[in-house]
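# Working through the structure, step by step
Listed below, chain by chain, are the residues.
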Amino acid sequence: TINPFFRYMIEMLDTALAMLGPDSELLTEIMQDLGAKHVRYGVKADLFPAMGEALIATLECTLEDQFTETIKQSWEQTYKELSDDMIRGQSSTTK
C-alpha cells in the first residue's frame, strides 16, 4: 500500500506535468499556493532538495535502464523549477 503522502505527491506531480507548456503561469501560481500551504505543515525550504533526490532515486530504481541521463536531467530540472515556485510561495507567506 502506498503511503497517502506519497500518493498525493505523485498525483500533484502528474497534474503539474500535465500543465507544463500552455498552462505554465497557472502552474506557477498553484505551486506557489502549495508552497504557502506547506508552511502551515511545518515544511522547511531546506527539505525540498532531499525530496528531489528521493524522487530521482525512486524513478531510477523503477525505470532502471529506461532512466537515461537525459531523462534524469529533465526530471531534475522540472523538480527544481516546481520546488523553486513552492519555496517562493513559502517565502511570501513568511514575510
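Our structure is the block above this text.
Throughout what follows, the structure given in this document is the object of discussion.

Rules used throughout
- Residues numbered from 1 in each chain as written.
- Predicted model: local features only at pLDDT ≥ 70, side-chain atom pairs only at ≥ 80, totals over all residues.
- Heavy atoms only, no water.
- Helix = DSSP H or I, 4+ residues; strand = E, 2+ residues; numbered from the N terminus.
- Rg over C-alpha atoms; globule rule 2.2 N^0.38 Å.
- Buried < 20%, exposed > 50% of the residue type's maximum accessible area, 1.4 Å probe, protein only.
- Contact = heavy atoms within 4.5 Å.
- Areas by Shrake-Rupley, 256 points an atom, 1.4 Å probe, with all protein chains shown as cover.
- Lys, Arg positive; Asp, Glu negative; His and termini not counted.
- Charge placed at Lys NZ, Arg CZ, Asp CG, Glu CD.
- Expected span 1.5 Å × (residues − 1).
- Arc of directions from axis to C-beta.

## Notes on the overall build of the chain
Helix and strand content of the chain: 4 helices and 0 strands. Tracing the chain from N to C terminus, the helices and strands come up as α-α-α-α. Computed over C-alpha atoms, the radius of gyration of the chain comes to 14 Å, within 12% of the 12 Å expected from 2.2 N^0.38 for 95 residues, which places it in the range of a compact globule. Here the C-alpha coordinates of the chain stretch approximately 45 × 30 × 25 Å along the principal axes. The proportion of buried residues among the 95 residues of the chain is 27%. Put simply, of all contacts in the chain between residues at least 6 apart along the chain, 71% involve residues at least 24 apart. Accessible surface for the chain amounts to roughly 6700 Å². Of this, 56% is attributable to carbon and sulfur atoms. One way to put it: in the chain the 8 positive side-chain charges average out to a point 10 Å from where the 16 negative ones average out.

## What to know about the side chain of Gln90
By secondary structure assignment, the location of Gln90 is in helix α4 (residues 69-94). Gln90 gets classed as buried once you look at its relative accessible area, which sits at 5%. With near-sequence residues (within four places) excluded, Gln90 lies in contact with Gly35, Ala36, His38, Val39, Val43, Lys44, Ala45 and Phe48.

## What about helix α3 (residues 48-63)?
An ideal rise of 1.5 Å per residue puts 22 Å on 16 residues; α3 measures up with 22 Å between its terminal C-alpha atoms. Within α3 the residues assigned to the buried category are Phe48, Gly52, Leu55, Ile56 and Leu59. Along the axis of α3, the buried positions cluster into a sector of 95°, meaning they face one direction only. Opposite its buried face, α3 presents the exposed residues Glu53 and Cys61, each directed more than 90 degrees away. In the stretch just after α3, Glu64 is the one whose phi turns positive, near 50°.

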